[in-house]
Amino acid sequence: MKIKNYKAVWLLFAVYLIGLLALHKQIFLYSDDYGYASLSYGHYMGTNSLRYGLSDILKYLKWHYMNWGGRILYFFFEICSLKIGLGFIQYFQALIIWCIGLISFLLVKEEGQSDFHKAALIVFMFGTLGLEVFNRGVLWFSASVSYVWPLLPLFLLVYIRGHFKTPNKATAALGIAAAFLAAFSFEQIAVLTIIYLLSSFVIERIQGQWNKHDWGILAAAILGGALELLAPGNFIRSTHSAYDPFNQLSILGKIRRNFPFLLEKNLGKDNKFFVIALILVGFFIIWYCQDKRKKSRVLLGIDRIAYLFSTSIMVLMWRMDIPIFMGIFCRTVWAALFSYHVIVTLWKLRRFDLTALFLGGLCSEGMMLVSPSIEIRCVVPFDFVLMVIAASAIGGELQKGIDIGKTAVICITGILGIVNMSDLVCGYHDNMMINTIKILINGQEYHTVIDKGFVSTAVPKEVLETGYVEINLLDEASGVLSDSFVWIDEDSIK
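Residues numbered from 1 in each chain as written. Predicted model: local features only at pLDDT ≥ 70, side-chain atom pairs only at ≥ 80, totals over all residues. Heavy atoms only, no water.

**Observations concerning the overall build of the chain**
The helix and strand inventory of the chain stands at 21 helices and six strands. Taking all 494 residues of the chain together, the buried fraction comes to 53%. Taking contacts inside the chain between residues at least 6 apart in sequence as the whole, the part at least 24 apart equals 70%. Entry remark: accessible area of the chain is about 21600 Å², with carbon and sulfur atoms responsible for 67%. (Helix = DSSP H or I, 4+ residues; strand = E, 2+ residues; numbered from the N terminus. Buried < 20%, exposed > 50% of the residue type's maximum accessible area, 1.4 Å probe, protein only. Contact = heavy atoms within 4.5 Å. Areas by Shrake-Rupley, 256 points an atom, 1.4 Å probe, with all protein chains shown as cover.)

In structure tokens:
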């Protein structure tokens, strides 16, 4: 599939941008968004809605860093964006995701080729992300600022290091800034960034490609990661009474408890279309990319049978009950085979930078084995990395000329992405219709902020004697109060 017309690639990304803008126009504030926008998440500062200044923001983030967690840099960006207005953050996030996709393509694009098939696979794989991954990670501002936005400087860092072997002062400074911005974000991406750099440095030393500018980049990443990971608030939050049963477990006990959950989040039915895309990429690599001359037919057969069997059981688990041990075993075998063949393929392609990025992604997921809480959004950073890896593996030099296999993988992924996005857009459109209905409270107009099924919260409103709105978040199933934020003059964030 050789399409040498660059216009096709730019047309694809133009459609992608229009789609992202249209989708984000249907995204409103949910749950924690109100808390951060009003500086009342976890700690009420006495501020009124959006009526606060830079000193108030810094004072709130200082409290957050000391008492809640180190993710303050990107919460600063979120707060400032929300203060500008809902429309701004809607379009700003759409542009960030688009830029991540564009840089992902530039990371795998070959010189002198349009590589349309790689661009298409990246765009289509984004569309296959699970609805829960979108709802609780990508399209929820308070989550996406941590799980998605830092991927932009991370991928920019990978691009700079791959394309500027002898950087000038400007690119060197940009690389250092990107490393710091990527690492000073949140725990998983901090680990991803540092492991990527360390792995890349080791590989480059082996290859004799060490660059003195890398010391500054590594120092910036370690500094940013340390500021995030060692924040006092992280340690205070980890001692919350809700985590006591988990904290009492040994390291081995924590791993034993979390391993099945982590497999479920990454390979379960909540993200099934994306997993199917990975399965197809794995089939393509194993069937077409192995050097059959250096591998005996017996080993080759065992390899393929193991991949087919583990894939079959993994897919069946989405529809029926499978014995727990067999499910864990087959998912583990599949993940091991997929990872092995991806690393071997990238190494043969001499994409050592992407090999290091993949290892960083694996570690960003592996660290969740000792986390007291595993949410579906924990897969977001690694899934974006896998989009880059898949595009490189399926379109590299080892696979040239295999048009049928490439076309099948891309077309099936495209169909899955379109079906999935149609469901997502319809749901958010219904949600938008609810959010744009106005209600009258004491003669004043307020937008309703009911989130129809996407974050599972109902938001009743009550005007207190002081004139502000207290937003109480109730769990729809149990009716139990889960959180409360203070909000004034909600119309100011239209």
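Still to come is the rest of the account.
**A word on a nonpolar patch on the surface**
On the surface, a nonpolar cluster with roughly 270 Å² of combined accessible area is contributed by Ile84, Phe88 and Phe92. Position of Phe92 relative to the elements: it lies in helix H5 (residues 86-108). (Patch = residues over 30% accessible without salt bridge, like charges linked within 9 Å, V, L, I, M, F, W, Y side chains within 5 Å. Salt bridge = Lys/Arg side-chain N within 4 Å of Asp/Glu carboxyl O.)

**Structural notes on the side chain of Ser364**
Along the polypeptide, Ser364 turns up in helix H19 (residues 352-366). Under the relative-accessibility criterion, Ser364 is labelled buried at 0%. Those residues in contact with Ser364, other than ones at most four positions away along the chain, are Gln188, Val191, Leu192 and Phe382.

**With respect to the side chain of Ser371**
Relative to the helices and strands, Ser371 is located in the loop between H19 and helix H20 (380-395). In this structure Ser371 touches Phe246 and Asn258, once residues within four positions along its chain are discounted.

**Considerations on the packing of helix H6 (residues 116-127) against H20**
For the pair H6 and H20, interaxial distance at closest approach is 9 Å and the crossing angle is 150 degrees. Regarding the angle of H6 to H20, the classification is roughly antiparallel. Read as a crossing pair, H6 and H20 show a hand that is right-handed. Where H6 approaches H20, its residues His117, Lys118, Leu121, Ile122, Met125 and Phe126 are matched on the opposing element by Phe384, Leu386, Met387, Ala390, Ala391, Ile394 and Gly395. Among the residues making up the contact of H6 with H20, the classes are represented as 10 nonpolar, two polar and one charged. (Axes fitted to C-alpha atoms, helices over the stretch in contact; angles between N-to-C directions. Parallel < 35°, antiparallel > 145°, perpendicular 65-115°, else oblique. Left-handed = near helix turned anticlockwise from the far one by under 90°. Nonpolar A, V, L, I, M, F, W, Y, C, P; charged D, E, K, R; others polar.)

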